[in-house]
Amino acid sequence: MAAHERQEPSPSDRQVVDRLVPVWLAETERHDPGAARRAREGWRNGTLGGECAQDLATWVTARVTDTAFNEDEGPDVEGPARITPADKESVHRWLAAQGHPV
């Protein structure tokens, strides 16, 4: 069982989600406008669907930019938002608390 499955989300987890979801939606919009529209509607209604939740979980994992590597060790992930491993865990905890398998 992963750490995010054992812990309840905190108010700071929600702050992380609120900061990162608009970035995720903007990126999704560029690649799949229909999926972005569905996700945005679900987000606004508080009913993020299962497929959208999985997409968000995968996206935040892939976009971790603070990896604790130095320049010589790489990787340097470019993106519009700084995303730490702790941010990823916050999003995963929040999704799990919403009933989504992560």
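Residue indices begin from 1 for each chain and proceed along its sequence in written order. Only residues with pLDDT of 70 or above have their local features reported here, since the model is predicted, and side-chain atom pairs are shown and tallied only from 80 upward, although totals for entire chains, interfaces and linings are computed over all residues. As a rule here, side-chain values cover all heavy atoms of the structure and leave hydrogens and water aside.

**Student:** Can you help me understand the overall build of the protein chain in this one?
**Tutor:** The way it works is that DSSP assigns letters per residue, a run of H or I at least four long becomes a helix, a run of E at least two long becomes a strand, and they are numbered from the N terminus. Regarding its fold elements, the protein chain presents five helices and zero strands. Only protein chains enter the calculation, and the probe is 1.4 Å; a residue is then buried if its accessible area is under 20% of its type maximum, exposed if over 50%, and partly exposed in between. Here the protein chain holds 102 residues, and 36% of them are scored as buried. Residue contacts are counted whenever heavy atoms from the two residues lie within 4.5 Å of one another. Put simply, 63% of the contacts in the protein chain that link residues at least 6 apart link residues at least 24 apart. Only the protein chains shown count as covering a residue, and every accessible area follows the Shrake-Rupley method with a 1.4 Å probe. A total of about 6200 Å² of accessible surface is found on the protein chain, and carbon and sulfur atoms cover 49% of it.

**Student:** I would appreciate a short explanation of the nonpolar core in the present structure.
**Tutor:** Side chains of a nonpolar character, in soluble globular proteins, are inclined to be buried together. Nonpolar cores were defined as sets of buried Ala, Val, Leu, Ile, Met, Phe, Trp, Tyr and Cys residues, with membership established by side-chain atoms within 4.5 Å. If you look at the biggest cluster of nonpolar residues, it comprises 21 residues, and the most contacted ones within it are Leu20, Trp24, Leu56, Trp59, Val91 and Leu95. Every element with two or more residues in this core is listed here: α2 (11–31), α4 (50–62) and α5 (85–97). In terms of residues, this core owes the most to one element, α2, which gives seven residues. Apart from residues lying up to four places away in sequence, Leu95 is in contact with Leu48, Ala53, Leu56, Ala57, His100 and Val102.

**Student:** Help me understand the packing of α4 against α5, please; the structure alone is not making it clear to me.
**Tutor:** The angle between the axes and the distance between the axes are what describe a pair of packed helices. Geometry is summarised by axes, namely lines fitted to C-alpha atoms with helices restricted to the contacting stretch, and by angles between N-to-C directions that run from 0 to 180 degrees. Closest axis-to-axis distance for the α4/α5 pair is 9 Å, and the angle between their directions is 165°. Between α4 and α5, the angle falls in the class roughly antiparallel. Crossing of α4 over α5 shows left-handed handedness. Facing Ala53, Leu56, Ala57, Val60 and Thr61 of α4, the residues of α5 in contact are Lys88, Val91, His92 and Leu95. Polarity classes work like this: nonpolar for Ala, Val, Leu, Ile, Met, Phe, Trp, Tyr, Cys and Pro, charged for Asp, Glu, Lys and Arg, and polar for all others, with Gly in that last group. Looking at the contact of α4 with α5 residue by residue, the class counts come to six nonpolar, two polar and one charged. Convention used here: angles under 35 degrees read as roughly parallel, angles over 145 as roughly antiparallel, angles from 65 to 115 as roughly perpendicular, and any remaining angle as oblique. Handedness of a crossing is defined here by the sense of rotation of the near helix relative to the far one, left-handed for an anticlockwise turn of less than a right angle and right-handed for a clockwise turn.

**Student:** Which parts of the structure should I look at to understand the side chain of Thr28?
**Tutor:** With respect to the helices and strands, Thr28 occurs in helix α2. Among the residues examined, Thr28 registers a relative accessible area of 17% and is labelled buried.

**Student:** Help me understand the pattern of salt bridges in this model?
**Tutor:** Pairing between side chains becomes possible if they bear opposite charge and their charged atoms approach one another. What counts as a salt bridge is simple: a side-chain nitrogen of Lys or Arg found within 4 Å of a carboxyl oxygen of Asp or Glu. Under the counting rule described, the total for this entry stands at six salt bridges. A salt bridge links Asp87 to Arg19; the shortest N-O distance between them is 2.7 Å. One end of the pair, Asp87, is in helix α5; the other, Arg19, is in helix α2, with 68 residues separating them in the sequence. Between Glu29 and Arg40 there is a salt bridge whose closest N-O contact spans 3.5 Å. Here Glu29, found in helix α2, pairs with Arg40, found in helix α3 (residues 33–45); they are eleven residues apart in sequence, far enough to count as distant. For Arg40, a relative accessible area of 24% puts it in the partly exposed group.

**Student:** Would you mind showing me how to read the side chain of His100 here?
**Tutor:** For His100, the location among the structural elements is in the segment after α5. By relative accessible area, which is 15% here, His100 ends up buried. With near-sequence residues (within four places) excluded, His100 lies in contact with Leu48, Gly49, Gly50, Ala53 and Leu95.

**Student:** I'm lost on α5 in this one. Help?
**Tutor:** An α-helix turns once every 3.6 residues. As a result, residues three or four positions apart point the same way. By this rule the span expected of a helix is its residue count minus one, scaled by 1.5 Å. When the terminal C-alpha atoms of α5 are compared, their 18 Å separation across 13 residues agrees well with the 18 Å that a helix rising 1.5 Å per residue should span. Considered for burial, the residues of α5 that qualify are Asp87, Ser90, Val91, His92, Arg93, Trp94 and Leu95.

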